[in-house]
Amino acid sequence: MAASIDAAAPRPPRLRTLRLGAVSLRIDLRVLLLIAVAAAGTFALACWAMTLGSFPIAVVDVVRSVLGQGSDEYDFVVRTLRLPRVLSAVLAGALLALSGAVFQGLVRNALVSPDIIGINAGASLFAVFWILTLRSSALLPVAAFVGAVLAAVLVYVLTWKGGVSGNRLILVGIGVNAMCAAATTFLIVRFPIDDVSRAVLWTTGSVYASSWGDVALLGAGLAVLLPAGAVLMWAMRVLQLGDQTARSLGQAVERTRLTLMLVGCGLSAVAISIVGPIGFVAFMLPHVARMVAGPMSGGVFVFTAMLGGAYLLAADVVAQHALPVSLPVGVVTSALGAPYFLFLLWRTNARL
Amino acid sequence: MTTTVLAAPTESRLQSEAVTLAYGDATVARDLSVRIPDGRVTSIIGPNGCGKSTLLRALVRLLRPRGGTVYLDGQAIHRLGTKEVARRLGLLSQQSPLPEAITVEDLVRRGRFPHQSFLQPPSDRDHEAVERALALAGVEDLRDRPVDELSGGQRQRAWIAMTLAQETPILLLDEPTTFLDVAHQQEVFDLVRRLNREEGRTVVLVLHEVNDAARVSDHIVAMRDGAIVAEGVPEDVVNPEQLLTIFGVPCDVMCDPATAARTCIPRGCLLQPHITSARAGGVLRTSDLSSGYGDRRVVQGVNVDIAPGRITAIVGANACGKSTLLKTLARLLPITQGEALLDGRSVLEGRHRELACRLAMLGQGAVAPAGVTVEELVAAGRYPYQRWWRQWSPEDEAAVTRSLEATGLGALRHRQVETLSGGQRQRVWIAMTLAQDTPVMLLDEPTTFLDIAHQVEVLDLIADLNRREGRTIVMVLHDLAQAARYADEIVAMKDGEVIASGPPAEVITVDLVRTVFGIDCRVTPDPLTQRPVVLPALD
């Protein structure tokens, strides 16, 4: 097959090695630059997002309020109402995108993400059950988290056959997904319509009415899991060469894979438990990141987080302000993500 | 515009006229005019990526030419209906999809499709054709067996039987012998000869092995870079000058006086004598070693002493356990009995990483992830020396640069692996194994899928590394000729056991080849190197 044009012209990567005593990290300057650009972009978008709403505020006043030097009339709107929502969107988007990056790398299949292999569905099932039977929002995140983890454990256990193979994981995941979705539908059909409407709203996923508590949880999750994931990318690079090659390079393959799965589940479970199962962010953003920045590495992983945050924030702005009625953000991400999924399938197909 | 008036000599029903072939925007072949002689066996040969399979696809109407026309019986083939073409041309593709759990007979019956119409029950003619195809391909006994339970050679014969049931006067087979060992290859070629001699069918083969083409065909079409560079009877094509043009490799050609069959021996580099002493370490031996997959024991009680600092080749028929032995040595499979010792310590001892610093293994069919560059892949070979907090050291840099130079990949350093040719790709994987910087290297079939030029390239590289750096190299080879030429020691295996080991001149004999591969052959010394050359006897 002929080489495509961009591949034929090799561009040497700008790799630098950062040395600090026994520590030496390999860093691609281009990726570093991309991260900086994405961070700046996200910040600008966030500031702009906070100016919008039924009570418009100038950008200058928004920045002042965020920095704690604003006037009282703006402080309440910005710091209590808008900032938590913006932060939740950014943090949840980052978590979801990272979990997609982990799962796609883990099974060497670009069409995988936690929403496809049943982890989101597990969280939804537990959350819906919780809402319908106890009618309380308290501890809802815990229920969703437990659901996500149980679904992941179920997938892993059912996939295990002296080792975990990527394709089997996908097939089992799709089965678990279908089971959980069926159980959720069953609950929705059986319970009174008033309770059900709340549950259904939750399952679309939304950052509506986020509190500082939500932000703290999301932030804590990201603070632990982002570095863990970035470090694991070093091992995943080798795992992606195939089990046998990875093993002959001295990698404890099953241990690496289990750790990656735990981190991937954690990432998506934390996000889902707070904002609900927002679809397609996990699936789509890792692709975009890889297209822009190249194969997954620690740096690209961080870049993926930035993109995920920016994307979910942008989707929330659209959901909140673009239409006469405001929508849950999950509707917008799915509306944009599903066509992208089809486009991706079509493109892979066209290449064959 | 009518095309039937075009002169179609009776002796060629299938021909192409100035055909240009392209995939998307990439032109693969230009201006190809071929006449497939009727009632003969024609082989299309050439290096990897020269467009030979593409030409075959065009000849059977699977690919519409960008320019020019393919004629079948004087008619432009793309004006004929699909079934119409399938009644005259039978194609066996290179990678038949993995068969589902259907029996051989079911599979063969599907070959009757072009002769059946919608909802029509199988006619007597269909039954007869299926029976004949089963008998011809010698798979009558296997008719009720599921296809996915068959061995490689049997499976290939089942697929050929399906193509035969199509009852076409012209058969086209794309690389029908890849994946097969010598005995199974022989089986397939015997069948091809029989179909041609006894049934008078026209057969077109795409082959990457020159020697197979020389033995089996009456007419050879040689391609390079999308153009036909030589055409004619085997004697005209299989000679040193032509082979140099086709593959770019100097070859010797030996002629078997008994059968007049020609065998080409790529010359490659002249092996230097061993001057460097073996590296410290790298003494690999096994005692009474058994291993396998699950309950199935594949390697049984193997005792081998690998000569340090030398090249050892493990040879044997398909499924004799040679790859399994290699994997067991590399700790990729559990040992069920006995032990494998590296420098006096069991390979199971210690951490995986620690073993990976002493022993490197290159498996078969490794695929690089999309977008990975040559340098990145080679750098992965340094993994056992690294930790996430110690990702890159000057030694890593030096080892990567050294192995890129040793494999001649310096210029391709930043290219993406997926854009390289098969030979280059294999060199990248070897470079990765090299960067691991271990005294022992295990290579599983490093030359499969490669044409002779690339095979020579890879084997020369391995020999050179061995000579210059004193590394111990153990490789599994399915090609006996290559093993004889490059290895210092041969280990011959059959049914999971070692049945002979020693220098090629002692080990490779007519008897051994018969025992191990089940074929008759002649063994003569290569005039240039004095190493044994195996000439398979046909029919």
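Description of the structure in this document.

Cut-offs applied
- Residues numbered from 1 in each chain as written.
- Chains lettered and ligands numbered in written order.
- Predicted model: local features only at pLDDT ≥ 70, side-chain atom pairs only at ≥ 80, totals over all residues.
- Heavy atoms only, no water.
- Helix = DSSP H or I, 4+ residues; strand = E, 2+ residues; numbered from the N terminus.
- Expected span 1.5 Å × (residues − 1).
- Bend = angle between axes of the 7 residues up to and from the residue.
- Buried < 20%, exposed > 50% of the residue type's maximum accessible area, 1.4 Å probe, protein only.
- Contact = heavy atoms within 4.5 Å.
- Buried area = accessible area lost by both parts, 1.4 Å probe.
- Salt bridge = Lys/Arg side-chain N within 4 Å of Asp/Glu carboxyl O.
- Polar contact = N/O pair within 3.5 Å; in protein donor to acceptor, adjacent residues only side chain to side chain.
- Nonpolar A, V, L, I, M, F, W, Y, C, P; charged D, E, K, R; others polar.
- Core = buried A, V, L, I, M, F, W, Y, C linked by side-chain atoms within 4.5 Å.
- Domains from an automatic or database assignment.

Attention shifts here to helix H4 (residues 72–106) of chain A. In an α-helix, one full turn covers 3.6 residues, which means residues spaced three or four apart are oriented alike. Residue and element names in this part refer to chain A. Taking 1.5 Å per residue as the helical rise, H4 with its 35 residues ought to reach 51 Å, and the 49 Å between its terminal C-alpha atoms agrees with that figure. Bending of H4 peaks at approximately 40° at the position of Arg-82, with proline Pro-84 no more than four residues after it. Within H4, 28 of the 35 residues are buried, which leaves the element mostly enclosed by the surrounding structure. Of the residues flanking the end of H4, it is Arg-108, one or two places downstream, whose phi is positive at about 50°.

This brings us to the interface of chain B and chain A. Opposite the 42 residues of chain B that make contact, chain A presents 33 residues. For the pair chain B and chain A, the summed buried surface comes to about 3100 Å²; carbon and sulfur atoms form 63% of the total. Contact with chain A buries surface across chain B, with Tyr383(B), Gln391(B) and Trp392(B) losing the most and accounting together for 22% of the total. Here Glu397(B) makes a salt bridge to Arg26(A), at a shortest N to O gap of 3.9 Å. The interface formed by chain B and chain A contains 4 residue pairs in polar contact (both at pLDDT 80 or more). Contributions of two or more residues to the side of chain B that touches chain A are made by helix H11 (352–356), strand E18 (359–362), helix H12 (374–380), helix H13 (394–406) and helix H14 (422–435) of chain B. Broken down by element, the residue count for the side of chain B that touches chain A peaks at 4 residues, all from H12(B). Partitioning the side of chain B that touches chain A into residue classes produces 21 nonpolar, 12 polar and 9 charged.

Our next topic: the nonpolar core. Ranked by size, the top nonpolar core spans 217 residues in total, and within it Val104(B) and Leu377(B) carry the most contacts. Each of domain 1 (14–248) and domain 2 (308–332 + 349–536) of chain B gives at least three residues to this core. Setting aside anything within four residues of it in sequence, one finds Leu377(B) in contact with Leu241(A), Ala368(B), Val372(B), Val417(B), Val428(B), Trp429(B) and Met432(B). Among the nonpolar cores identified, the runner-up in size contains 27 residues, and Leu21(B), Ala29(B), Val70(B) and Val221(B) belong to it.

Just distances and angles here, no functional claims.
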